[in-house]
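Listed below are the residues making up each chain.
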Amino acid sequence: MPDPDAAPPARPATESAASGSTAPRPAAEIDVDHDMRGQRRSRQSDAAEIDVSTLATGQDGVVSAEELSARGVGRGARDHRLASARLFGIHRGVYLVGHEATTFRGRVIAALRACGRDATLGHLAAAAFLGAAAPPATLDVIVPPGRRRSRAGIRVHHVALEPAERMVRDGVPLTSPVRTLLDLAAVVAPARLERICADMLVAKLLTPAELAAGVEAGRGRRGIVALRALSGTAEPTRSETERAFLRAVREAGLPRPIVNAPFLVDGLGRIEPDFLWPGPRVIVETDAYGTHGGPSTFERDRARDVALHALGWIVLRFTRRQAYRQSRKVVTQVAQVLALRGLSISA
């Protein structure tokens, strides 16, 4: 007979389920589910971090709030990153990732992000991005007519640009070389405009024909007179010394030389002198130390001079000091040599 004092047998788990009560889950099973959810969140967070880092790397450390949101980093996560020094504000809604240092390109991207999707780099900032000027402290940004305003480090211009007036370089939208020169003609000194134009010609960013067409299209614009004066005389000079010599040549009324262009000499091959008159076979080199300095360059230039002399060419070399301070004497000597070599020199 069963013992009346014995405890009743335990009810099977199925009975508990049938009665509506829930049996406690084993602790090990709870830990596994918790860990899996944590791992999923961790994987999602890692993927977002990788996306943001990849984007920032391609943009010199710059990201916008819109770009962060598109990668799953909302306002709360953004605020947390700002508080923990993982993001640094550079403009409203624009950030640097990981550190506050950036490049000129990073500054440009940040300014464009701050001004909206249709923003275009312009003026001196565009010239600097093309390598024809030094990076300015304030970046000029062109936007369609609207309400956007200038802010610290950004000067906003409201202009409706034509498609031909815009280009993209290294992922950055900016005004074309011709449009950049048209804009700069109204705000910079003629000498600086000439230097920027010359640098663009040297870099083959535009041709004299494109410049002339741009001047014609820009008739009536402020500053167009200064640019028109350049369009007929602009040359791809590489230094202030070359520009000083070329101005002296123009003022003296001497025939226009070929400037910094490749030229094939029979018996010698390809050369690229500063100034060349091919008919009378006369070459002028303006020896600024920055472009002609150094022992190896000195030796190479003199060896080339000897080879040219042997082939019937005359090479005249003038220093920076001579080009600036004795320009009249220099031009007179060049004119005499050109005349002796049979080139007609107008009075």
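Look up a bit, the structure's there.
A brief look at the structure comes next. (Residues numbered from 1 in each chain as written. Predicted model: local features only at pLDDT ≥ 70, side-chain atom pairs only at ≥ 80, totals over all residues. Heavy atoms only, no water.)

**Quick look at helix α5 (residues 104-114)**
The buried count for α5 comes to nine of eleven residues, which makes it a mostly enclosed element. Of all the positions in α5, only Phe 104, Arg 105, Gly 106, Val 108, Ile 109, Ala 110, Ala 111, Leu 112 and Ala 114 are classed as buried. Within two residues after α5, Gly 116 carries a phi angle of roughly 105 degrees, on the positive side. (Buried < 20%, exposed > 50% of the residue type's maximum accessible area, 1.4 Å probe, protein only. Helix = DSSP H or I, 4+ residues; strand = E, 2+ residues; numbered from the N terminus.)

**With respect to the sheet that holds strand β2 (residues 87-91)**
Sheet architecture is open: three strands sit in the order β1-β3-β2, paired in antiparallel fashion. The open sheet terminates on both sides in strands that have one partner only, identified here as β1 (62-64) and β2. Averaged over all pairs of adjacent strands, the angle between strand axes in this sheet comes to 40 degrees, irrespective of strand direction. Of the strand pairs in this sheet, β1 and strand β3 (residues 94-97) are connected by three bridges, and their pairing is antiparallel. Bridging from a neighbouring strand, Val 63 pairs with Tyr 95 of β3. (Pairing = 2+ DSSP bridges. Axes fitted to C-alpha atoms, helices over the stretch in contact; angles between N-to-C directions.)

**Remarks on the packing of helix α8 (residues 190-202) against helix α10 (residues 224-231)**
Between α8 and α10, the least distance of the axes is 10 Å, while the angle of their chain directions is 45 degrees. In terms of orientation, α8 and α10 fall into the oblique class. In this structure, α8 meets α10 at a crossing whose hand is right-handed. Taking contact as the criterion, the partners of Leu 193, Glu 194 and Cys 197 in α8 are, on α10, Ala 226, Leu 227 and Leu 230. The class makeup of the residues in the contact of α8 with α10 is five nonpolar, no polar and one charged. (Parallel < 35°, antiparallel > 145°, perpendicular 65-115°, else oblique. Left-handed = near helix turned anticlockwise from the far one by under 90°. Contact = heavy atoms within 4.5 Å. Nonpolar A, V, L, I, M, F, W, Y, C, P; charged D, E, K, R; others polar.)

**Concerning the nonpolar core**
The biggest cluster of nonpolar side chains holds 48 residues, and the ones touching the most others in it are Leu 181, Met 200 and Leu 227. In terms of residue count, the dominant contributor to this core is α5 (seven residues). If sequence neighbours within four positions are ignored, Leu 181 has contacts with Leu 193, Ile 196, Cys 197, Met 200, Leu 206, Leu 211 and Leu 227. Judged by nonpolar contacts, the second largest core, of 18 residues, contains Ala 248, Val 249, Val 330 and Val 331. (Core = buried A, V, L, I, M, F, W, Y, C linked by side-chain atoms within 4.5 Å.)

**Description of the pattern of salt bridges**
Summed over all chains, the structure comprises 20 salt bridges. The salt bridge partner of Arg 113 is Glu 67, with a shortest N-O separation of 3.0 Å. In this pair, Arg 113 sits in helix α5 while Glu 67 sits in helix α3 (residues 65-70), placing the two residues 46 residues apart along the sequence. Residue classification places Arg 113 among the partly exposed residues on the basis of a relative accessible area of 34%. By relative accessible area, Glu 67 is classed as buried at 14%. Salt-bridge contacts for Arg 238 lead to Glu 272; the nearest nitrogen and oxygen are separated by 2.5 Å. On the criterion of sequence distance, the pair formed by Arg 238 in the loop between α10 and α11 (240-252) and Glu 272 in the loop between β11 (269-271) and β12 (275-277) is long-range, its members being 34 residues apart. Taken together, the salt bridges that share partners define one network made up of Glu 165, Arg 179, Asp 183 and Arg 221. (Salt bridge = Lys/Arg side-chain N within 4 Å of Asp/Glu carboxyl O.)

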